[in-house]
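Coordinate analysis (summary)
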Amino acid sequence: MQDKRPMKFITFTWGCQMNDHDSEVIRALLEQRGLVWTEDIEEADVIVLNTCSVRKSAEQKVMSFLGKLKHLKESRPDVVVAVGGCMTQNQEISDQLRKSGHVNIIFGARSFHRLPSLISSYERTGNQVVETDLEEQPPSGALPAHRDSRIKAYVTIMYGCDNFCSYCVVPYARGRERSRGSASVLAEARRIADLGYTEIQLLGQNVNSYRDPEGKRSFAELLAAVGEVAGIRRVRFMTSHPRDFTREIVQAIDAVPTLCDHVHLPVQSGSSRILQLMNRGYTREDYLERVSWIKAARRPIALSTDIIVGFPGETPSDFNATMELLAQVEYDSLFGYKYSSRPDTPASTMADSVSESEKAARLQVLLDRQRESQRISYSKQLGQILEVMVEGVNPAREQIIGRSSQNKPVNFTCAQPITPAPGSYLQVKITATHPNSLAGEAV
Ligand code: SF4
């Protein structure tokens, strides 16, 4: 291989926050092995791709990037290309990667923490290394992480998903649910607070089905305990599943001031018939009951969701049921997606009956309606004084960028001579509202 200088590496990440955090762990582990991070792909000896396959578009982005790497390898054959994440768990794609001739290491979504040893074994043998065993148990303890943010830290509390929603690849790509011990999660939260972080985001494909292997804490109790860690001022969690969402979680938010006023509760559809075809495990009525718990909370908890339009068999009246649910719930924010058939999922055997143009039309109607909801929900905050965590500055607008506990972006001015540092908290009076952000002045 190369001369004695330390090897340089670069990582590219697609997909969700769990992938972002897995890449933070990969970076820390490779740095512990003496490799040096670089932002410049031309000087990298090791190129790591952490992939996503939740939608076809995500895979296409990775495949076209891999195409470019093929040319790079022709001019620099010694470069080590390692591809990991959810795409590698799909047999057809994994076969393509094995035969590609320019991918040296293929590692699964449960083996990211073993990349350093996989690189060593490739260096030793020069043979392609493949490690995609989903039975691999991710480490129960905390892993080191070179965190991208200096102000908020991700903490993975569980891996995998057992829900098998009919359209989703995650259970096949990330394996069975495995929760970390609550003591290990709390120890990691304390270390993060000692490093000066004040915001923690708990991560899992479905954090509500957290099951403490030590049998000590429910998810709501773990949430509250993390919220009581000295130095932590904000705790968020992602992603919840309505079937496993409990009143205790709302009561914990009401009781523990550091738990943020925001819940992300993906509904996916407002039609119980479609929810059944999606194997979501709850009806429209069940979902609205959870919403009523959140709306009845003492604190003003903001609610966001995910919705898929154009699921196989979705009729205009199913879609209307989704639109009626939007009007009933009035979400603070929403992520809308067109149904994308995923290989080897039960839904992929259903007739993809809604045309692409109809999917696009429904998505537009959904987003236009949501924009109106958001304009109203944001306008309700006019004149309020909110605590905002500073995330950075927008020099062009001479504004400070921050976020409220409800996870709303707040752009504001500050009379103080010194620009407040990222991670600091200010009281901000809201003087103007927009569909996607609030504006104000520090008080
Ligand atoms: S809960 Fe459903 S949609 Fe979410 S990761 Fe699990 S299987 Fe996928």
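Parameters at a glance
Residues numbered from 1 in each chain as written. Predicted model: local features only at pLDDT ≥ 70, side-chain atom pairs only at ≥ 80, totals over all residues. Heavy atoms only, no water. Helix = DSSP H or I, 4+ residues; strand = E, 2+ residues; numbered from the N terminus. Rg over C-alpha atoms; globule rule 2.2 N^0.38 Å. Buried < 20%, exposed > 50% of the residue type's maximum accessible area, 1.4 Å probe, protein only. Contact = heavy atoms within 4.5 Å. Areas by Shrake-Rupley, 256 points an atom, 1.4 Å probe, with all protein chains shown as cover. Pairing = 2+ DSSP bridges. Axes fitted to C-alpha atoms, helices over the stretch in contact; angles between N-to-C directions. Salt bridge = Lys/Arg side-chain N within 4 Å of Asp/Glu carboxyl O. 1 Å grid on protein atoms, 1.4 Å probe; cavity = no way out; pocket = protein on both sides within 12 Å on 5 of 7 lines; lining within 4 Å. Points joined across faces, edges and corners; volume = space filled by probe spheres on them. Nonpolar A, V, L, I, M, F, W, Y, C, P; charged D, E, K, R; others polar. Domains from an automatic or database assignment. Disulfide = S-S within 2.5 Å. Core = buried A, V, L, I, M, F, W, Y, C linked by side-chain atoms within 4.5 Å. Buried area = accessible area lost by both parts, 1.4 Å probe. Expected span 1.5 Å × (residues − 1).

**Observations concerning the overall build of the protein chain**
In terms of helices and strands, the protein chain carries 12 helices and 19 strands. Computed over its C-alpha atoms, the radius of gyration of the protein chain comes to 23 Å, within 12% of the 22 Å expected for a compact globule of 443 residues. Split into buried and exposed, the 443 residues of the protein chain put 56% on the buried side. A separation of at least 24 residues holds for 74% of the contacts in the protein chain among residues at least 6 apart in sequence. Accessible area for the protein chain stands at about 18,700 Å²; split by element, carbon and sulfur atoms hold 52% of it.

**Side note on the sheet that holds strand 11 (residues 234-238)**
A sheet is described by the order of its strands in space; here three strands give the open sequence 7-10-11, paired in parallel fashion. Of all the strands in the sheet, the pair left with one neighbour each is strand 7 (152-156) and strand 11. The mean inter-strand angle of the sheet, taken between neighbouring strand axes irrespective of direction, is 25°. The sheet contacts of helix 1 (residues 17-32) involve strand 7, strand 10 (199-203) and strand 11, and relative to strand 7 the element is tilted by about 95°. Packing against the sheet, helix 6 (residues 182-194) makes contact with strand 7 and strand 10, and its axis sits at approximately 165° to strand 7.

**Quick word on the pattern of salt bridges**
Should their charged atoms come close, side chains of opposite charge can pair. In total, this model carries 26 salt bridges according to the counting rule given. Put simply, Arg 180 and Glu 188 hold a salt bridge, and the shortest N to O gap is 2.6 Å. Under the relative-accessibility criterion, Arg 180 is labelled buried at 3%. What makes Glu 188 buried here is its relative accessible area of 4%. The salt bridge partner of Asp 318 is Arg 273, with a shortest N-O separation of 2.6 Å.

**Here's the deal with empty space enclosed by the protein**
Space left empty within the atom packing is revealed by a probe, the size of a water molecule, rolled over the atoms. One pass over the structure, following the stated rule, counts one cavity of 30 Å³ or more. What lines the largest cavity is His 21, Val 25, Gly 141, Ala 142, Leu 143, Thr 156, Tyr 159, Arg 180 and Glu 188. Taken together, the residues that form the lining of the largest cavity break down as four nonpolar, three polar and two charged.

**Some words on the layout of surface pockets**
The space that makes up the second largest pocket amounts to roughly 600 Å³. At the level of elements, helix 10 (284-295), strand 13 (302-309), helix 12 (356-379) and strand 15 (385-394) are the ones that each hand at least two residues to the lining of the second largest pocket. When residues of the lining of the second largest pocket are assigned to their parent elements, the largest contribution, three residues, is made by helix 12. Of the residues in the lining of the second largest pocket, the class split is 13 nonpolar, eight polar and 10 charged. In terms of domain composition, the lining of the second largest pocket takes at least three residues from each of domain 2 (152-377) and domain 3 (385-442).

**Some remarks on the pairing of strand 18 (residues 425-434)**
Of the strand pairs in this sheet, strand 15 and strand 18 are connected by five bridges, and their pairing is antiparallel. Within the sheet, the bridge partner assigned to Met 389 lies in strand 18 and is Tyr 425. Both strand 18 and strand 19 (residues 437-442) contribute to a ladder of six bridges, which runs antiparallel. Residue pairing in the sheet places Thr 433 in a bridge with Leu 438 of strand 19. In this structure, the hairpin formed by strand 18 and strand 19 is closed by a connection of two residues.

**Structural notes on the state of the cysteines**
Within this structure, the stated rule accounts for zero disulfides. Sulfur of Cys 86: no disulfide; nearest cysteine sulfur belongs to Cys 52 and is 6.4 Å away. Note on Cys 86: relative accessible area 10%, which makes it buried. Counting only cysteine sulfurs, Cys 16 is the nearest neighbor of Cys 260, a cysteine outside any disulfide, at a range of 20 Å.

**So, the sheet that holds strand 15**
Ordered in space as 15-16-17-19-18, the five strands form a closed barrel in which the pairing is mixed. Neighbour to neighbour, the strand axes of the sheet diverge by 50° on average, direction disregarded. Inspection of the sheet shows strand 16 (residues 399-404) paired to strand 17 (residues 409-413) by four bridges, in the antiparallel sense. Bridging across to strand 17, Arg 403 finds its partner in Pro 409. Running over the sheet, helix 12 touches strand 17, strand 18 and strand 19 and is turned about 130° from strand 18.

**What to know about the nonpolar core**
Grouped together as the largest cluster of nonpolar side chains are 67 residues, with contacts concentrated most on Ile 157 and Leu 202. Ranked by residue count, the leading element in this core is helix 7 (residues 219-227), at seven residues. Beyond its immediate sequence surroundings of up to four residues, Ile 157 is in contact with Arg 178, Ser 179, Arg 180, Val 185, Leu 202, Leu 203, Val 207, Tyr 210, Phe 219 and Leu 222.

**Observations concerning the domain arrangement of the protein chain**
By the assigned domains, the protein chain splits into domain 1 (8-131), domain 2 (152-377) and domain 3 (385-442). Facing 18 residues of domain 1, the contacting portion of domain 2 comprises 22 residues. Carbon and sulfur atoms make up 52% of the surface buried where domain 1 meets domain 2, a total of about 1,800 Å² over both sides. Considering only the surface of domain 1 that becomes buried against domain 2, Gln 17, Met 18 and Arg 110 emerge as the three largest contributors, covering 38% of it.

**Describing helix 1**
Between the first and last C-alpha of helix 1 there are 23 Å, a value that for 16 residues agrees with the 22 Å anticipated at 1.5 Å per step. Among the 16 residues of helix 1, 12 are classified as buried, and the element is accordingly described as predominantly covered. Restricting attention to buried positions, one finds in helix 1 the residues Met 18, Asn 19, His 21, Asp 22, Ser 23, Glu 24, Val 25, Ile 26, Arg 27, Ala 28, Leu 29 and Leu 30. Just downstream of helix 1, Gly 34 is the residue with a positive phi angle, here 95°.

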